[in-house]
Amino acid sequence: MNKLILNSSKKLLGSSLKTNVLKPRTALLSTNVPQSPPDNRVEVFVDDKPVLVEPGVTVLQACAEAGVEIPRFCYHERLAIAGNCRMCLVEIERTPKPVASCAMPIMKGMRIKTDSPATKKAREGVMEFLLVNHPLDCPVCDQGGECDLQDQAMAFGSDRSRFTDILFSGKRAVEDKNLGPLVKTSMNRCIHCTRCVRFASEVAGVDDLGTTGRGGEMQIGTYVEKLLATEVSGNVIDLCPVGALTSKPYAFTARPWELRKISSIDVLDAIGSNIVVQHRAGDVMRVLPRLNEDINEEWLDDKARFSYDGLRRQRLVTPMVRGHDGLLKPCEWEDAFYAVADKLSQVNGSQMAALAGNLTDAESLVVLKDLMNKLGSENLFVEESFPTQGSSTDLRTNYISNTSINSIEQADLVLLIGTNPRYEAPMYNTRIRKSLVHNELKVALLGSKVNLSYEYDYLGDSAQVLEELLNGKHEYNKLLAQAKRPLIVLGSSALQRQDADSLLNLATKLSEKLRIQNGCPSNWKVFNVLHRWASQVAALDIGYKSGVEQIKAQKPKVLYLMGADEDLISRSELGEETFIIYQGHHGDRGAEIADVVLPGAAYTEKTGTYVNTEGRAQQASYVVAPPGKAKEDWQILRALSDILGNPLPYDDLDSLRKRMTEVSPTLTSYDRIEPASFMSLSVQLSQKHKTALSKEPIRAIQTELSDFYMTNAISRASLTMARCVQAYKKNNEPEKQTQVNANL
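This is a predicted model, so every value here is computed, not measured.

Our focus in this paragraph is the packing of aromatic side chains. Here the structure, examined in full by the defined rule, presents five aromatic pairs. Positioned above the aromatic ring of Phe 45, the side-chain terminus of Arg 111 is 4.1 Å from the ring centre. Above the ring of Tyr 250, the side-chain terminus of Arg 286 is found at 4.6 Å from the ring centroid.

One pass over the full model with this rule turns up 43 salt bridges. Residue Lys 629 pairs with Glu 332 through a salt bridge whose shortest N-O separation is 3.0 Å. In this pair, Lys 629 sits in the loop between strand S27 (617-620) and helix H20 (633-643) while Glu 332 sits in the loop between strand S14 (328-330) and helix H9 (333-344), placing the two residues 297 residues apart along the sequence. Owing to a relative accessible area of 32%, Lys 629 belongs among the partly exposed residues under this scheme. Members of the salt-bridge network, linked through shared partners, are Arg 78, Glu 293, Glu 297, Glu 298, Glu 409, Arg 431 and Lys 434.

Below, the discussion takes up the side chain of Thr 185. Here Thr 185 is to be found in strand S6 (residues 183-185). The class for Thr 185 is buried, based on a relative accessible area of 7%.

Our next topic: unusual backbone geometry. Residue Thr 194 is not a glycine yet carries a positive backbone phi of 65°. Unusually for a residue other than glycine, Tyr 223 sits at a positive phi of about 65°. Relative to the helices and strands, Tyr 223 resides in the loop between strand S8 (219-221) and helix H7 (235-239).

Let's shift gears to the pairing of strand S15 (residues 352-356). Look at any regular strand and the pattern is simple: side chains alternate between the two faces of the sheet. For S15, the tally of buried residues reaches five of five residues, placing the bulk of the element in the interior. Here S15 shows no split at all, with Met 352, Ala 354 and Ala 356 on one side and Ala 353 and Leu 355 on the other all buried. As defined by bridge partners, S15 adjoins strand S23 (residues 558-562) across five bridges and the pair is classed as parallel. By the bridge assignment for S23, Ala 356 is matched with Met 562. Bridge count between S15 and strand S16 (residues 380-382): three bridges; the pairing is parallel. Of the residues in S16, the one forming a bridge with Ala 356 is Val 382.

Our next topic: the nonpolar core. Ranked by size, the top nonpolar core spans 174 residues in total, and within it Phe 199, Leu 368, Leu 416, Tyr 428, Tyr 544 and Tyr 560 carry the most contacts. What Leu 416 contacts, discounting residues up to four positions off in sequence, is Pro 421, Ile 432, Val 443, Ala 444, Leu 445, Leu 446, Leu 452, Tyr 454 and Val 489. If you look at the next biggest cluster of nonpolar residues, it comprises 25 residues, including Tyr 250, Ile 275, Val 287 and Tyr 603.

Topologically, His 586 is positioned in the loop between strand S24 (579-584) and helix H19 (589-592). Classification of His 586 as buried rests on a relative accessible area of 1%. It is 49 Å that separates the C-alpha atoms of His 586 and Gly 83, two residues lying 503 residues apart in sequence. Non-local contacts of His 586, meaning those with residues more than four positions away in its chain, are made with Gly 310, Leu 311, Arg 313, Gln 314, Arg 315, Leu 316, Ala 591, Ala 713, Ile 714 and Ala 717.

Below, the discussion takes up H9. Across its twelve residues, H9 extends 16 Å between first and last C-alpha, which sits within 8% of the 16 Å expected from 1.5 Å per residue. All of the buried residues in H9 are Trp 333, Ala 336, Phe 337, Val 340, Ala 341 and Leu 344. An end-on view of H9 places all buried positions within 130° of arc, on one side of the element. In this structure, the buried side of H9 is in contact with strand S13 (320-322), S15, S23, S24, strand S25 (596-599) and H20.

Taken in spatial order, the three strands of this open sheet run S10-S11-S12, and their pairing is antiparallel. Of all the strands in the sheet, just strand S10 (260-265) and strand S12 (283-289) have a single pairing partner and so form its edges. Between one strand and the next, the sheet's axes are offset by a mean angle of 30°, whatever the strand orientation. One ladder, built from six bridges, connects strand S11 (residues 274-280) with S12; its direction is antiparallel. Its bridge partner being in S12, His 279 is matched across the sheet by Val 284.

Looking now at empty space enclosed by the protein. As enumerated under the stated definition, the model contains six cavities of 30 Å³ or more in all. One number sums up the size of the largest cavity: a volume of about 130 Å³. If you trace the largest cavity, you find 20 residues lining it, with Leu 359, Thr 360, Met 562, Gly 563 and His 585 closest to the centre. Elements represented by at least two residues in the lining of the largest cavity include exactly S24 and helix H24 (713-716). Per-element accounting of the lining of the largest cavity gives the leading share, three residues, to S24. Its residues assigned to classes, the lining of the largest cavity comprises eight nonpolar, seven polar and five charged.

Calculation rules
- Residues numbered from 1 in each chain as written.
- Predicted model: local features only at pLDDT ≥ 70, side-chain atom pairs only at ≥ 80, totals over all residues.
- Heavy atoms only, no water.
- Phe/Tyr/Trp six-rings, centres within 6.5 Å; stacked < 30°, edge-to-face > 60°.
- Lys NZ or Arg CZ within 6 Å of the ring centre and 35° of its normal.
- Salt bridge = Lys/Arg side-chain N within 4 Å of Asp/Glu carboxyl O.
- Helix = DSSP H or I, 4+ residues; strand = E, 2+ residues; numbered from the N terminus.
- Buried < 20%, exposed > 50% of the residue type's maximum accessible area, 1.4 Å probe, protein only.
- Pairing = 2+ DSSP bridges.
- Core = buried A, V, L, I, M, F, W, Y, C linked by side-chain atoms within 4.5 Å.
- Contact = heavy atoms within 4.5 Å.
- Expected span 1.5 Å × (residues − 1).
- Arc of directions from axis to C-beta.
- Axes fitted to C-alpha atoms, helices over the stretch in contact; angles between N-to-C directions.
- 1 Å grid on protein atoms, 1.4 Å probe; cavity = no way out; pocket = protein on both sides within 12 Å on 5 of 7 lines; lining within 4 Å.
- Points joined across faces, edges and corners; volume = space filled by probe spheres on them.
- Nonpolar A, V, L, I, M, F, W, Y, C, P; charged D, E, K, R; others polar.

These values are about where atoms sit, not about what they do.
Spelled out as structure tokens, the structure:
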């Protein structure tokens, strides 16, 4: 009986093995189930807690994955590892002494102790050595309240000191360095972390800072006293963990706990860097960068950071009307409105025109267009020119940077045409440099030969080179053909030329040719326009025409200047009969020629929408109230429409935003990039255009650091920016004199 049961069970087991187990392995795998990639992570133990981390990361990064904060002074995520400060010491099992966690790669099964007595003792010892020579400056130091040394001395330092100056020699004393009008030095406080040295060399591309001497005699400086000549020098202030490098314009003005912080964006270039505006008692006290990996990472250029004092100078604080004696005289809002309404009611729409400036927000642009349209005028322009042939501004892909700023890191070749991104868009340039340093990006430049802070292939300054590249007759075509993710960046300054139509036509054709022939990924965009002004993309989205030439030819009876301060049009070019209305926030070039002045709000005094060069809409926040009788720009236009008897159909910001969405949905798609994929159509529409290139060389508008600082009404009013220009010219005088002597 038992044998029968055993035999039957064997038969059942054999049949099941044949039907299930012995089937081919491929038959058991479902083709519909996606196979996950193998997990290569390494297991380490942080304070006996198991953590899985990627191979090759450091002990400090592994501890961060486990949620353990390791103190550090010299380590920074975006800079090379130095291992100078030794504050990040941790104990690792089976090692004879504490290890610098920032420079030690992890190994499988490593056991890290961040809270052991040996680790605590090592940190206290390092902190004690740092404080031995650190001056007792905390009550007068501008870093007080946001100082890493203060915080870490409290958290990880000892409660007593063994330092006794038995020889009465005092603490180490170092002479302060003069780095220019922006960065204030107090080198007695320096702990030699070398963050500033690494930033200048790796990110800014300026090898001006370095170390001299050894041990107690070691100093950080420029060796020979000179200006720290870079457009991003202010970032060393944020990087410095102590009070050795602080802001010179901000010195002794406020403490961090006194300030209110508002998140906003910078509008002094077309990148739209994210910032934090700090204010007290109605005054902007300082501007700091805000982390945004897609745009500016955690850096900020000097113009955005330090020109805030221009928000308080040369401001328009009351309406003004020009009297019979030819002088502008203050008046009430009603008087100014009736003076404007009286002139507008006397002319028809064809005799009116409006010109928008480079700091105008999208809300004001939409309201101005609606008002002019109601008055029967379609003559709305922006100051900067853009080609009109082919599809021109009808297709968004023609006038934005189609590749996002953070996608520059994926590119393998960049061709810059007629631009100097170092001064026109510093945060764009730091991305290019980052990709060049870490990803071996190749860069070529067609235009003015300038210092971009990195090496590049110079193709000359002739516009004919672009035609040769398109026809495959240039020697650089070999490198272009090898690029799998090329970028062509056409500067808006190059589009101010007479042959701008031909340049744009050739650049778009070359971009489309490279995309097809090189087998670029389907989502990769090759063609990009790099703008200089914050309002340009939004104005073209809304339907403004480009350039001032049509206004000069038309000679309108009434001209409405909305913050137009670039001196591209003068009273002599319009005629004495033209009635000019200026609405803006600074008494700059536009207000000088106006018959009526309406004081508006700057970007820190209103909630406004700006679209950056990549087509990303962002909001600038209301921080402080406008000075005097100044009002927000869209509210001025809305009130004027009431006086004219044509009230606009919105009374608050929400209803205005709905109108903006009707005009262009991209204006209210905040912090998103709406893709524009009509390059092939643009090329087709431009086929009929005949190429007629000028023999004039392609030039960048900003070629030196002195050209960078004062480019708009706010920065021109800034005393700090004026000092920067003066310091740069003084710093360069010996160099120019040397060149003159060499030529003689």
